[in-house]
Amino acid sequence: MTLSAWNICRNGSINLRIVAIFWFIFCAACSFDTTIDDSPNTVHYYQFSLPGLKSIFAELKRQFQEKHPDIYIHIHTLPTNTDDQHQFYLTHLQSRKSAQMDVFAIDVIWMAEFVRAGLLLPVTDLYSKSEWESFFSPILKTTLFDNRRYAVPIFVDGGLLYSRMDLLRKYGFPSPPKTWEELVSIADTILKGENEDRLYGFVWQGRQYEGLICNFIEFLPANKEWLVASNRTLQVNRSAVVPTLTFIRSLLSHKSVSPMSVLGMSEEESRHVFQNGQSVFMRNWPYAWKLAQQTGSPIRGKVQVSPLPSWNSLEPGRGALGGFLLGINKDTPNPEPARQWVRFLTSEEVQIQIWEQLGLTPARKTVFSKIQGDMGMEMGVLMEVMENTTPRPLNPLYIPISQSMQAYISGALSGIYTLEEAMDRMDNDLRRITRILSYEN
Ligand code: GLC
C-alpha cells in the first residue's frame, strides 16, 4: 500500500482536505529552523510537541553535541495532535523531495504503514538482543516486521485513571474505583453532594480523533476485540462494541457523569479541566501527572493515579498502548549521524531525563530501578500497566480504519447515528477499505 492510497480512502470532503494540508504545511514551516544546514553531518529531527518539551530537547541537543561535536542537530517541532503529525509526514515523505528529514518520531500506530511504504531504514543492529529486550514488550512488538526492527521506542504510553482523592475521601471513598460501575457511582455521589455546576464527574478524550479510539478500546470488556476478521475482510464485533457504546452514552446522558463537552476534548483540553479542579476523575496518559503536581497547580497533592477501571473488580483495566518510536528515513543522506542521535535519545540516561523533566514514561523497563518513584502510584504498578497495555491493530491500513471508526463512534455518541446505523456504516467502510486496499491476513 502506498501513502497515496491511504489518502484516497480518507473521510472528509476534498476541500477540507486541501485546506488541512495547506494548514499543516504552514504550521510545520513555522516551526522549522530558518537556517537549514545541509552539511554532511547534519541531522534533521522531527517530533511531537508537549508542554515544556522545547527547552528540554534544546538541552539534550547540547549534551549530544558535546559528545559529538562533528554532528549538528536541527530539531523541528510538529503540532501536538497525532493525526496532524501523521498528515505532515504524509505530505512530506510522499514527495521525497521536500525538506531533509533524517529522523522522525512515529506514533506506534503508524509503524505498519510506514514500513509497508518503504520509508524506514532497518535498525536491528543498533542494539544487541538483550538491549532490545530491555524495552517493554508491547511497544517493542510494534518495531518488528519480517524479523527486522525498524524503529526504537523513545517513550511508552498507557491510559491511566486520575482521581481527586480529597473529594473521594470527603465522601468516604478511601481509594480510586476498580470498576466502571464504581466510578459512576462515586462520581454520582460526589456530584450530588457538591452540587456545583462547574464540577464534572469524569473527563476523557471524546473528540473525533485518534485519542477517541484509545479511550474507546479502554472501555471494552477484557479480552474482547472490537474488530474481527472474516472472509478476508474486517467486521465490527457488535457483541462487544454495542454494549460498550451504550455504556459510554450512559455516561453522557441520564447519569451525566461526563459532560457532552468531552466530545470535543483531546488530551490537553481534558487535562486543563481536571487541573482546574473541575472534574472528579480523568482518563489521560502519564504526562499529565507531572503537570498536575507542578507549583501553582490547584490540584497539587490531591490526586492519585491508578490503573483504569475494568468490568471485573478482580482484574485491573488495561490502558491502550501508546507511545512514540524513533525511525530513520530510508533516504537519509546521513545514516550514521542519524543512528547516533537515535541511540542517544533512546539511551537509559536520556530516558531518565525525559521522565524526570517531562513525565514521559521510559520505554525501557530496566530504567525503573534507577528512577525515583513519585507518580501518585507505585512504580511497580506503573510498570505493570505498561506491560499489559492493549495495542491498536498493527496493520498498514490502520489509519483509514481508525478514521472511519472515529467518525461513527463520535456520531453514535453525539446522537447523529443510532447504534445500529453506526454499526452498519462501520461495516460498510471496513468492507470498502479492505477491498480497495486488498487486505491480506
Ligand atoms: C498519545 C499516544 C499515542 C496516541 C495519541 C492519541 O500521544 O502516545 O500513541 O495515538 O496519544 O491521541
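Quick caveat, the model's predicted, so the values are computed rather than measured.

1. Section: the site of the ligand
Taken together, the residues surrounding the ligand are Thr82, Asp107, Asp157, Tyr209, Glu210, Gly211, Glu267, Trp285, Gly322, Gly323, Phe324 and Arg392. Between the ligand and Asp157, the relevant distance is 2.6 Å, taken from an oxygen atom to a side-chain nitrogen or oxygen of the residue. One nitrogen or oxygen atom from the side chain of Arg392 is found 2.9 Å from an oxygen atom belonging to the ligand. Against a free-state accessible area of 310 Å², the protein chains account for coverage of 92% of the ligand. At the level of secondary structure, the elements contributing two or more residues to the shell around the ligand comprise helix H10 (210–219) and strand S13 (321–328). When the residues that make up the shell around the ligand are grouped by side-chain class, the tally is three nonpolar, four polar and five charged. Each of domain 1 (3–157 + 321–387) and domain 2 (160–216 + 240–306) gives at least three residues to the shell around the ligand.

2. Here's the deal with helix H3 (residues 53–67)
For H3, with 15 residues, the first-to-last C-alpha span of 21 Å sits near the 21 Å given by 1.5 Å per residue. Turning to H3, its buried residues number three or more, namely Leu53, Ile56, Phe57, Leu60, Lys61, Gln63, Phe64 and Gln65.

3. Focus: the confidence of the model for the protein chain
For the protein chain, mean pLDDT is 89; residues scoring 70 or higher make up 88% of the total. Note that residues 1–35 has pLDDT below 50 and, in this model, 55 contacts with residues that lie over four places away or in other chains.

4. Here we look at the sheet that holds strand S12 (residues 303–306)
Overall, mixed pairing links the four strands, which are arranged S8-S11-S7-S12 in an open sheet. Each of the sheet's edge strands pairs with one partner strand only, and the pair in question is strand S8 (200–203) and S12. If you compare each strand with its neighbour and ignore which way they point, the axes differ by 15° on average. Pairing between strand S7 (residues 160–164) and strand S11 (residues 279–284): four bridges, direction antiparallel. Residue pairing for S11: Ser163 is matched across the bridge by Phe281. Along the sheet, helix H12 (residues 267–275) contacts S7, S8, S11 and S12; its crossing angle with S11, the most-contacted strand, is approximately 155°.

5. Thoughts on the pattern of salt bridges
Scanning the model with the defined rule gives 18 salt bridges in all. Residue Glu194 is joined to Lys170 by a salt bridge in which the shortest nitrogen-to-oxygen separation is 2.6 Å. Note that Glu194 is positioned in helix H9 (residues 180–194) and Lys170 in helix H8 (residues 165–170), a separation of 24 residues in sequence. Taking the shortest distance from any N to any O, the salt bridge between Glu387 and Lys365 comes out at 3.0 Å. Here the residue Glu387 occupies a position in helix H16 (residues 379–387), and Lys365 occupies one in the loop between strand S14 (361–362) and H16, the gap between them amounting to 22 residues. For Lys365, a relative accessible area of 24% translates into the label partly exposed.

6. Observations concerning the side chain of Asp83
Mapped onto the fold, Asp83 is located in helix H4 (residues 82–95). No salt bridge is formed by the buried Asp83, whose closest oppositely charged neighbour, Arg207, lies at an N-O distance of 5.9 Å. Ignoring any residue separated from it by four or fewer positions in sequence, one finds Asp83 in contact with Tyr209, Glu210 and Gln406.

7. Digging into the packing of helix H11 (residues 238–252) against helix H17 (residues 398–414)
Working note: a packed helix pair is described by the angle between its axes plus the distance between those axes. Packing of H11 against H17 brings their axes to within 9 Å, and their N-to-C directions diverge by 45°. Comparing the axis directions of H11 and H17 gives the class oblique. Relative to H17, the crossing made by H11 is right-handed. Packed against H11, whose contacting residues are Leu245, Ile248, Arg249 and Leu252, the element H17 presents Ile409, Ala412 and Leu413 at the interface.

8. What to know about unusual backbone geometry
Unusually for a residue other than glycine, Asn147 sits at a positive phi of about 65°. With respect to the helices and strands, the residue Asn147 is situated in the loop between strand S4 (144–145) and strand S5 (148–149). A relative accessible area of 69% places Asn147 in the exposed class. We note that Asn195 has phi near 45°; this positive angle belongs to a residue other than glycine. Along the chain, Asn195 falls in the loop between H9 and S8.

Rules behind the numbers
Residues numbered from 1 in each chain as written. Predicted model: local features only at pLDDT ≥ 70, side-chain atom pairs only at ≥ 80, totals over all residues. Heavy atoms only, no water. Near = heavy atom within 4 Å. Polar contact = N/O pair within 3.5 Å; in protein donor to acceptor, adjacent residues only side chain to side chain. Areas by Shrake-Rupley, 256 points an atom, 1.4 Å probe, with all protein chains shown as cover. Helix = DSSP H or I, 4+ residues; strand = E, 2+ residues; numbered from the N terminus. Nonpolar A, V, L, I, M, F, W, Y, C, P; charged D, E, K, R; others polar. Domains from an automatic or database assignment. Expected span 1.5 Å × (residues − 1). Buried < 20%, exposed > 50% of the residue type's maximum accessible area, 1.4 Å probe, protein only. pLDDT = per-residue confidence, 0-100. Contact = heavy atoms within 4.5 Å. Pairing = 2+ DSSP bridges. Axes fitted to C-alpha atoms, helices over the stretch in contact; angles between N-to-C directions. Salt bridge = Lys/Arg side-chain N within 4 Å of Asp/Glu carboxyl O. Lys, Arg positive; Asp, Glu negative; His and termini not counted. Parallel < 35°, antiparallel > 145°, perpendicular 65-115°, else oblique. Left-handed = near helix turned anticlockwise from the far one by under 90°.

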